[in-house]
Amino acid sequence: MSLDFDLASIQDARDLVKKAKEAQQVLANFSEKEIDNILVSIVKSVEENAESLARLAVEETNYGKVEHKITKNLFASREVYEATKKIKTVGIISEDPELKVIKAAVPVGVIVGITPTTNPTSTVIHNAICAIKGGNSIVFSPHPTAGKCSLAAAQLVNEAAVKAGAPDGVVGCISKSSMKATEELMHHNDVSVIIATGGSAMVKAAYSAGKPAFGVGPGNVPAFIERSADIKQAVCDIITSKSFDNGMICASEQAIIADMPVKDEIIAELKSQGAYFLSPEEVKKVSSVVITPKGGMYPALVGQTPQTIARKAGFSVPAEIKVLIAPLDGYGPGYPLSYEKLTTVLGFYTVNDWHDACLLSIELLKLGGIGHSFAIHSQDDQIIREFLKKPVNRILVNTPSALGGIGSTTGLLPSLTLGCGTWGGSSISENLGPHHLINVKSLTYGIKKAAFDSKVTSCASPIPVKNNASSCDLKSDDIADVVTQVLKQLQLC
């Protein structure tokens, strides 16, 4: 008799964790060199299969562009490996001869990775590399609409790891995706840490599972073009970013904020570089097909081309159009396109100066992007630095926001899991890397004498003994009195 789907998926989850635990216990004894050989094998295998994984992802989800998903797969493997290979995550990682402190890395154990439909293969690759780098195993729970491609990516990574000497099961993935299976993974006693990359509800569920978790939040990134900016380059950066994989990276721009003195120049440049400005009537039509009444996105239009979105809304745009731009007079429930849109649609606002841009940016971030990222295009360093005060953890300057946020065009750590800090309800405020997935032990020697109040430690001020009795003659009441006096002198009671 066969199990129903939910029961089968729960059993699948349990079997994967059991195998992952056994694999991790073996991997924990590997040297840094052995771990590196495994990572090199994974990178090579991903490079050879980046295109097939990308095609599988687009075919299954109908989101994004094959060529850009290839780029993301290579980024998640090659660039992440190159950026993290010198981070010490095995054995002794530092020694301080002056303070006499030795720090040693220890794996966290079995990790659960919850992956999204927007980056279904690249997130698996990235999180697996970070996990293995620290001597951990990882089991993935993919989004149900991307189960096949995520499973294929996990199997490819596991096979490449085994080929280089890793124990089988170091990377696993649920083949029967369900909420029940995900819950089983998150609450399993042998799971140590959760990495949740997905919707807000799933991230909250991960944080409430009773164990350490790393979650991410929505972006809703404002992009301010300040009057001193190189307008042509700023527009190029924004369109490049928003059209990359049809706008599905959470760090992609969601609204352009134009400085009034250069507004007309910005609009002209946007049009010349492939942006289509929606009429008021078209803004209403696009709003109704892209954003739900609760401010979320309709899944069918995530990661779609401007042509597809326009057709769904009942009009057409030329084939060369790269993004749709919606001029907006406000934000919030009355302005649906002011919310996060993981697709090729941007809001457009005009402000009098950078002070107004600051205020508007904060309001837009409050709609669902607080703590994540903010983009600014400017040549005025004093104004740029003013935005360090804003409630975001990535201020991205003169760069495509999507690519800058993940560390492709900036000096940030290359990553596809971007923390939002306490503002956004995340446990980390930076890009997730392998150093987050280890425990660090400290072996430390005494370097200074314990210093107490002289009244406590001085031999010249002994604890008085009642009735001048010797210590051998003390009765229980006397002992209690002495203990009380000692505690009082140590200020512990």
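The structure contained in this document is the topic of the report that follows. Everything quoted here is computed from the prediction, not taken from an experiment.

### Regarding the overall build of the protein
- Looking only at helices and strands, the protein has 16 helices and 15 strands in total.
- Principal-axis analysis of the C-alpha atoms places the extent of the protein at approximately 100 × 65 × 45 Å.
- For the protein, buried positions account for 54% of its 493 residues.
- Sequence-distant contacts, at least 24 apart, represent 70% of the contacts inside the protein between residues at least 6 apart.
- Accessible surface computed for the protein: about 22,300 Å², of which carbon and sulfur atoms make up 54%.
- Seen as two clouds, the 47 positive and the 50 negative side-chain charges of the protein have centres 3 Å apart.

### Some thoughts on the sheet that holds strand 2 (residues 101–107)
- A sheet is described by the order of its strands in space; here 3 strands give the open sequence 1-2-15, paired in antiparallel fashion. Strand pairing shows two members of the sheet lacking a second neighbour, strand 1 (91–96) and strand 15 (438–444), which therefore form its edges. Across the sheet, the mean angle separating the axes of adjacent strands is 25° when strand polarity is ignored.
- With 7 bridges joining them, strand 2 and strand 15 adopt antiparallel strand pairing. Looking across to strand 15, one finds that Ile-102 is bridged to Leu-443.

### Digging into the sheet that holds strand 7 (residues 213–215)
- Taken in spatial order, the 5 strands of this open sheet run 5-4-3-6-7, and their pairing is parallel. The sheet terminates laterally at strand 5 (171–173) and strand 7, the two strands that pair on one side only. With strand direction ignored, the average angle separating the axes of adjacent strands in the sheet is 15°.
- Relative to strand 5, strand 4 (residues 137–142) runs parallel, the two being bridged by 3 bridges. Within strand 5, the residue paired with Val-139 across the bridge is Gly-172.
- Each of strand 3 (110–115), strand 4, strand 5 and strand 6 (191–196) is contacted by helix 1 (residues 5–27), which is oriented at about 155° to strand 4, the strand it contacts most.
- Helix 5 (residues 147–163) contacts strand 3, strand 4 and strand 5 of the sheet and is inclined by roughly 160° relative to strand 5.

### Quick notes on the environment of Ala-83
- Tracing the backbone through its elements, the reader meets Ala-83 in helix 3 (residues 66–84).
- Each C-alpha atom, one on Ala-83 and one on Ala-13, is 32 Å from the other, the two residues being 70 residues apart in sequence.
- Setting aside anything within four residues of it in sequence, one finds Ala-83 in contact with Leu-413 and Pro-414.

### Details of helix 11 (residues 306–313)
- Restricting attention to buried positions, one finds in helix 11 the residues Pro-306, Gln-307, Ile-309, Ala-310 and Ala-313. Around the axis of helix 11, the buried residues are gathered within 165° of arc, so they sit on the same side. Facing away from the buried side of helix 11 by over 90 degrees, the exposed positions are Arg-311 and Lys-312.
- Directly beyond the C-terminal end of helix 11, a positive phi value near 100° is found at Gly-314.

### Structural notes on the side chain of Thr-118
- Turning to its location among the elements, Thr-118 is positioned in the loop between strand 3 and helix 4 (122–133).
- Residue class for Thr-118 comes out buried when judged on its relative accessible area of 12%.
- Not counting residues within four places of it along the chain, the set of residues in contact with Thr-118 comprises Lys-69, Lys-72, Asp-245, Met-248, Val-302 and Leu-342.

### Re the pattern of salt bridges
- For the coordinates displayed, the defined rule picks out 14 salt bridges.
- A salt bridge links Lys-18 to Glu-22, with the shortest nitrogen-to-oxygen separation between them at 3.0 Å. Taken together, the residues span about one helical turn, with Lys-18 and Glu-22 both in helix 1 at a distance of 4 residues.
- For Lys-389, the salt bridge is made with Glu-386, and the minimal N-O distance between the two is 3.0 Å.
- Among the residues examined, Lys-389 registers a relative accessible area of 62% and is labelled exposed.
- Residue Glu-386 is classed as partly exposed on the basis of its relative accessible area of 22%.

### Let's talk about the nonpolar core
- By size, the foremost hydrophobic cluster in this structure holds 51 residues, and its most contacted members are Ile-38, Ile-42, Ile-111, Ile-132, Phe-140, Val-170 and Val-171.
- For Ile-42, the residues in contact, after removing those within four places along its chain, are Ile-129, Ile-132, Val-157, Ala-160 and Ala-161.
- The next biggest cluster of nonpolar side chains, apart from the first, holds 40 residues, and it includes Ala-255, Val-302, Phe-315 and Ile-376.

### So, the packing of helix 2 (residues 32–61) against helix 3
- Orientation of helix 2 relative to helix 3, taken along the N-to-C sense of each, is 170°, at an axis distance of 8 Å. By the criterion of interaxial angle, the relationship of helix 2 to helix 3 is roughly antiparallel.
- Residues belonging to the contact of helix 2 with helix 3 are distributed by class as follows: 13 nonpolar, 2 polar and 6 charged.

### What to know about unusual backbone geometry
- Positive phi is not limited to glycine here, since Asn-62 has a value of about 65°.
- Overall, the relative accessible area of 53% leaves Asn-62 in the exposed class.
- Notably, Asn-220 is not glycine yet its phi reads approximately 50°, a positive angle.
- Relative to the elements of secondary structure, Asn-220 occurs in the loop between strand 7 and strand 8 (221–225).
- What makes Asn-220 buried here is its relative accessible area of 3%.

### Some points on the pairing of strand 13 (residues 371–377)
- Burial of strand 13 is extensive: 7 of the 7 residues sit out of reach of the surface.
- Two strands pair when backbone bridges link them, and strand 8 and strand 13 are joined in this way by 3 bridges, in the parallel orientation. In the sheet register, Ile-225 faces strand 13, and the bridge partner there is His-377.
- With helix 13 (residues 381–386) bridging strand 13 and the parallel strand 14 (residues 392–397), this β-α-β connection has right-handed handedness.

Parameters and conventions
- Residues numbered from 1 in each chain as written.
- Predicted model: local features only at pLDDT ≥ 70, side-chain atom pairs only at ≥ 80, totals over all residues.
- Heavy atoms only, no water.
- Helix = DSSP H or I, 4+ residues; strand = E, 2+ residues; numbered from the N terminus.
- Buried < 20%, exposed > 50% of the residue type's maximum accessible area, 1.4 Å probe, protein only.
- Contact = heavy atoms within 4.5 Å.
- Areas by Shrake-Rupley, 256 points an atom, 1.4 Å probe, with all protein chains shown as cover.
- Lys, Arg positive; Asp, Glu negative; His and termini not counted.
- Charge placed at Lys NZ, Arg CZ, Asp CG, Glu CD.
- Pairing = 2+ DSSP bridges.
- Axes fitted to C-alpha atoms, helices over the stretch in contact; angles between N-to-C directions.
- Arc of directions from axis to C-beta.
- Salt bridge = Lys/Arg side-chain N within 4 Å of Asp/Glu carboxyl O.
- Core = buried A, V, L, I, M, F, W, Y, C linked by side-chain atoms within 4.5 Å.
- Parallel < 35°, antiparallel > 145°, perpendicular 65-115°, else oblique.
- Nonpolar A, V, L, I, M, F, W, Y, C, P; charged D, E, K, R; others polar.
- Right-handed = clockwise from strand over helix to strand, strands pointing away.

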